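# What the coordinates show
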Amino acid sequence: AKYFEWERKGVPLRIELGPRDVKGGVCVFKYRVGSEGKETVSLDEVSTKASEGLDNLQQYLLDAAKERLAGNMNMMATYEEMKVALEKDEASEYDGPGLYLVPWKCDADNEEKIKEECKATIRCYPTDVNEAGMAEGKKCFYSGEDATHMALFGRAF
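Thresholds, definitions, all that
- Residues numbered from 1 in each chain as written.
- Predicted model: local features only at pLDDT ≥ 70, side-chain atom pairs only at ≥ 80, totals over all residues.
- Heavy atoms only, no water.
- Disulfide = S-S within 2.5 Å.
- Buried < 20%, exposed > 50% of the residue type's maximum accessible area, 1.4 Å probe, protein only.
- Helix = DSSP H or I, 4+ residues; strand = E, 2+ residues; numbered from the N terminus.
- Pairing = 2+ DSSP bridges.
- Expected span 1.5 Å × (residues − 1).
- Contact = heavy atoms within 4.5 Å.

As enumerated under the stated definition, the model contains zero disulfides in all. Just so you know, Cys 106 is unpaired, no disulfide at all, and the nearest cysteine sulfur is the one on Cys 140, 9.8 Å from it. A residue is classified by how much of its surface remains accessible, and Cys 106, at 48% relative accessible area, is partly exposed. Distance from the sulfur of Cys 124, which forms no disulfide, to the nearest cysteine sulfur (Cys 106) is 14 Å.

Okay, here's the thing in C-alpha cells:
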C-alpha cells in the first residue's frame, strides 16, 4: 500500500534503498510493467542497470502499443461496413476493431458528412503507409474517386 502512490503516478521504476541495503552495497529495482518481481542490483551498477531497464521498459510499452493498434485496426473496409459497425459501437460494449485504415480522397465536405452519419473522424494519416504508396490505384472508400492517401478513421469517446 505504501508504494501505491508511486504506481498511481506512473513512475516506471521504483528504487528501494534502506540502511541494510547500503551496508550490503545493493538496492532493489521494481519496474511498473514488463518485469515480474523485484531485482537486486549492486550499487556499482545502478546507473547502467537503470538505463538498460528503462530502455527495455520503453521497448516493451512500444511493442504492446503496436500490437494493440494492429489488433484494433480494420484494413480496407467499405464505408457501409464501417458505418454499420460504428452505429452499434458503444465504448463500454464494443469489442471489435475501432479504427479503419481506408483509401481516402481529401474532401472536407465528405469528411463532415461521415462525421454526421456515423460519428467517425479522421484520426490521422499514417506516414509509413502513405510513404509506401498504399493508396496508389485505389478508389476513395466514400466518394469512389481516386484516393490521394490512406486515412485512419475512428470514433472518439
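We are not done yet, so read on.
So, about the pairing of strand S5 (residues 99-104). One face of the sheet, then the other: side chains in a regular strand alternate in exactly this way. Counting buried residues in S5 gives five out of six residues, a clear majority hidden from the surface. Pairing analysis gives three bridges linking strand S4 (residues 73-75) to S5, with the strands arranged parallel. Along S5, the bridge assignment pairs Met 73 with Leu 99. For S5 and strand S7 (residues 149-154), the ladder comprises six bridges, and the chain directions are antiparallel. Residue Trp 104 lies in a different strand from S7, and its bridge partner there is His 149.

Right, let's get into helix H3 (residues 46-71). Given a rise of 1.5 Å per residue, 26 residues ought to cover 38 Å, and the 37 Å separating the end C-alpha atoms of H3 matches this to within 8%. By the burial criterion, the buried members of H3 are Ala 50, Gly 53 and Leu 57. On its buried face, H3 sits against strand S1 (13-16) and strand S2 (26-31).

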